[in-house]
Amino acid sequence: MENDLKLLDVVALLVDIPESKLRKGEVGTIVEEFEDGAVEVEFADKRGIAYAFVDLPKSQLLALHTVDVGEEVA
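My aim in this report is to walk through the structure given alongside it, one point at a time. (Residues numbered from 1 in each chain as written. Predicted model: local features only at pLDDT ≥ 70, side-chain atom pairs only at ≥ 80, totals over all residues. Heavy atoms only, no water.)

We now examine a negative patch on the surface. On the surface, Glu32, Glu33, Glu35, Asp36 and Asp55 cluster together into a patch of negative charge. Residue placement: Asp36 occurs in the loop between strand E2 (27-33) and strand E3 (39-44). (Patch = residues over 30% accessible without salt bridge, like charges linked within 9 Å, V, L, I, M, F, W, Y side chains within 5 Å. Areas by Shrake-Rupley, 256 points an atom, 1.4 Å probe, with all protein chains shown as cover. Salt bridge = Lys/Arg side-chain N within 4 Å of Asp/Glu carboxyl O. Lys, Arg positive; Asp, Glu negative; His and termini not counted. Charge placed at Lys NZ, Arg CZ, Asp CG, Glu CD. Helix = DSSP H or I, 4+ residues; strand = E, 2+ residues; numbered from the N terminus.)

What follows is the structure, encoded as structure tokens:
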């Protein structure tokens, strides 16, 4: 759910953002939350080097989740 997104969540793009050269499915991290409900997402490469910072509505993002082996899923 889009309202569940919060600071430092790992997210994936649900749409292409051509002006930022970002494609649907790229993974980023929420690094800022704004009063209007939008968020700033940092996109970084595998080495951790940021290549884009984009302000986006939460509706264009999907929260990604990981589970540790042995951890119970709610």
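Now that the structure is up, let's keep going.
Mapped onto the elements of the fold, Asp9 is located in the segment before strand E1 (10-13). Aside from chain neighbours lying at most four places away, what touches Asp9 is Asp4, Gly28, Thr29 and Ile30. (Contact = heavy atoms within 4.5 Å.)

Within the largest apolar cluster, 13 residues are counted, with the highest numbers of intra-cluster contacts made by Leu13, Leu22, Val41, Phe43, Leu56 and Leu61. Of all the elements in the fold, those that place two or more residues in this core are E1, E3 and strand E4 (50-56). Among all residues touching Val41, those that are not within four sequence positions of it are Val11, Gly28, Thr29, Ile30, Ala52, Phe53, Val54, Leu56 and Leu61. (Core = buried A, V, L, I, M, F, W, Y, C linked by side-chain atoms within 4.5 Å. Buried < 20%, exposed > 50% of the residue type's maximum accessible area, 1.4 Å probe, protein only.)

What follows concerns the pairing of E2. Pairing of E1 with E2, which is carried by three bridges, proceeds in the antiparallel orientation. Note on E2: the bridge partner recorded for Val10 is Thr29. Across four bridges, the pairing between E2 and E3 is antiparallel. Following the sheet pairing, Ile30 is matched in E3 by Val41. Taking the residues between adjacent antiparallel strands as the criterion, E2 and E3 are bridged by five residues, where Gly37 takes a positive phi near 95°. (Pairing = 2+ DSSP bridges.)

Glycine aside, residues mostly have negative phi angles, and peptide bonds mostly take the trans form. The phi dihedral of Leu8 falls on the positive side, at around 75°, and the residue is not glycine. Within the fold, Leu8 resides in the segment before E1. Assessed through its relative accessible area of 61%, Leu8 is described here as exposed. Here the phi dihedral of Lys21 falls at roughly 60°; this positive angle occurs in a residue that is not glycine. With respect to the helices and strands, the residue Lys21 is situated in the loop between E1 and E2.

The next subject is the pattern of salt bridges. The final tally for this structure, using the stated rule, is two salt bridges. Note that Lys6 is salt-bridged to Asp9, the shortest N-O span being 3.2 Å. Given the relative accessible area of 48%, Lys6 is considered partly exposed. For Asp45, the salt bridge is made with Arg47, and the minimal N-O distance between the two is 2.9 Å.

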